[in-house]
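Topology and contacts: notes
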Amino acid sequence: MTKFRDIIGQEMAIRHLKGAIGSGKVAHAYIFDGEKGMGKKTLSSVFVKALQCEEPLENRENTEPCGKCHSCIMADSGSHPDIITVTHEKPNSIGVDEIREQVVNDVMIRPYSSGRKVYIIPDAHLMTVQAQNSLLKTLEEPPGYAVIILLPDNKDMLLPTLISRSVCLPMRAVKNEEIAKFLMEKKGIPAYETETLVSFAQGNLGKAELLSESEDFKELWDEVRHLLTGIRKMSDVEVSAAASKAQQRKDQKEDYLSFLLLWFRDVLFLKSGGEEEGVIFKGEMRELTEASGYYSFERLNDIIEAIKEADSKMESNVNPEYTYELLFMKMR
Ligand SMILES: [Zn+2]
């Protein structure tokens, strides 16, 4: 069972929540704000478990949930009657009826077994304006026992009036070293592979974990590596074929371009006298060193600019196959 001390990163939010539990000054509404993978769900589940824990605070280690009482066990199994996680039917919206039924009306019923009734609203950014307005009424005059936790991917999609009535805790990027340590210790990823995942995750632990398990991501990296090591000897026909293959990976477009960008940055870094220590693709030292001898500084800068340009071109719907082809020509 997860406790606050098992959570990687988010020290500021944790300090705040523990302070609230310790002092008994718990707000009626919280917003845990941050994109998918940043740990909102884990943090909210530990927080509500600690709030509902039956063990007196003085017997608990630093406001952690005890993990042994009836309440903690029910919370862990998802069957706590006073912890309500709001669900929604449509994948892309939470409607007013769902908020009314599961929160606004339900909150009028007193808690069953504890002094508090806690609501968690995952994907809170998907609430329609009507749904938010109906929730707002509850937040204006909440029953003393109610705690509502909103988990939006982006709080800017919530009404300002809703935000102003809540304690907002932004999820922060996790340090690269901590993500690397997690990948090595918990996922068994070899050290030289963690750097790639860390670069892609950009402080998002959930994304690092997802990528470390993703076959698509491994496949993509194999394809890009094949392209990068072979491109200098490719014929026009082969370049066209590679472009056509690349554009089929529509959902991985961003990762594809990121791989190219990071790889050429490594080449430029080595060419500028950088040491292996600072290289991202440590498993590719031989190819990277070879490439740093082949490309001039000017060409490397050109290529890096072209990759960035390709990204914005594809964003504005320029034909991706054509964009890849031009880019690969430049890399050749
Ligand atoms: Zn407990």
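Residue numbering note: each chain is counted from 1, following its sequence as written. The predicted nature of this model means local features are confined to residues of pLDDT at least 70 and side-chain atom pairs, given and counted, to a pLDDT of 80 or more, with totals for whole chains, interfaces and linings taken over all residues.

**Concerning the overall build of the protein**
The condition that has to hold: Helix and strand definitions here come from DSSP, where helices need a minimum of 4 consecutive H or I residues and strands a minimum of 2 consecutive E residues; each element is numbered from the N-terminal end. With C-beta atoms placed from the backbone, a residue is labelled by how many other C-beta atoms lie within 10 Å of its own: buried for 20 or more, exposed for 12 or fewer, partly exposed between the two. Once C-beta atoms have been placed from the backbone, residue pairs whose C-beta atoms lie within 7 Å are recorded as contacts.
Scanning the protein from terminus to terminus reveals 15 helices and 5 strands. Dimensions along the principal axes, computed over C-alpha positions, put the protein at roughly 75 × 40 × 30 Å. With 332 residues in all, the protein has 34% of them scored as buried. Looking at the protein alone, contacts between residues at least 24 apart form 72% of all its contacts between residues at least 6 apart.

**What about the packing of helix α12 (residues 253-271) against helix α14 (residues 297-315)?**
So the rule is basically this: Note on definitions: angles span 0 to 180 degrees between N-to-C directions of axes, and those axes are lines fitted to C-alpha atoms, for helices only across the stretch in contact. Roughly parallel means an angle under 35 degrees; roughly antiparallel means over 145; roughly perpendicular covers 65 to 115; every other angle is labelled oblique. The crossing is said to be left-handed when, going from far helix to near helix, the turn is anticlockwise and less than a right angle, and right-handed when the turn is clockwise. As a working rule, the residues Ala, Val, Leu, Ile, Met, Phe, Trp, Tyr, Cys and Pro are called nonpolar, Asp, Glu, Lys and Arg charged, and the rest polar, with Gly in that last group.
Interaxial distance between α12 and α14 falls to 10 Å at its minimum, and their mutual angle equals 165°. As summarised for this structure, α12 and α14 are arranged roughly antiparallel, according to the angle between their axes. As for the relative orientation of α12 and α14, their crossing is left-handed in sense. Contacts between α12 and α14 pair K253, L257, L260, L261, F264, R265, V267, L268 and K271 from the former with F297, L300, I303, I304, I307, A310, D311 and M314 from the latter. Taken together, the residues that form the contact of α12 with α14 break down as 13 nonpolar, no polar and 4 charged.

**So, the environment of R225**
Mapped onto the elements of the fold, R225 is located in helix α10 (residues 215-230). In sequence terms R225 and F259 are 34 residues apart; their C-alpha atoms lie 8.8 Å from each other.

**Some words on helix α15 (residues 320-331)**
For clarity, the cut-off: Here, expected helix span is obtained from the residue count minus one, scaled by 1.5 Å.
Over its 12 residues, α15 runs 16 Å from end to end, which matches the ideal 16 Å to within 8%, given 1.5 Å per residue. Among the residues making up α15, those that are buried are P320, T323, Y324, E325, L327, F328 and M331. In the core, the buried residues of α15 are packed alongside α11 (236-247) and α14.

**With respect to helix α8 (residues 191-201)**
An α-helical turn contains 3.6 residues, so any two residues separated by three or four positions project in the same direction. Buried residues of α8: T194, E195, T196, L197, V198, F200 and A201, and no others. Buried residues in α8 make contact with α7 (176-187), α9 (205-213) and α12. Once α8 ends, the next one or two residues include Q202, with phi positive near 50°.

**Remarks on the nonpolar core**
Under the convention used in this document: Defined on buried residues, the nonpolar core groups Ala, Val, Leu, Ile, Met, Phe, Trp, Tyr and Cys residues joined through C-beta atoms within 7 Å.
If you look at the biggest cluster of nonpolar residues, it comprises 40 residues, and the most contacted ones within it are F32, I120, I121, I148, I149 and L150. Within the residue set of this core, elements represented by two or more residues are α1 (11-23), β1 (29-33), α2 (40-52), α3 (70-77), β3 (117-122), α5 (129-140) and β4 (146-151). Those residues in contact with L150, other than ones at most four positions away along the chain, are Y30, I31, I121, A124 and S166. A246, V279, A306 and F328 belong to the second-largest nonpolar core, a separate cluster that totals 28 residues.

**A look at the domain arrangement of the protein**
Note the cut-off: Either an automatic procedure or a domain database provided the assignment from which the domain bounds are taken.
Along its sequence, the protein is carved into domain 1 (4-170) and domain 2 (214-331). A separation of 43 Å is found between the C-alpha centroids of domain 1 and domain 2.

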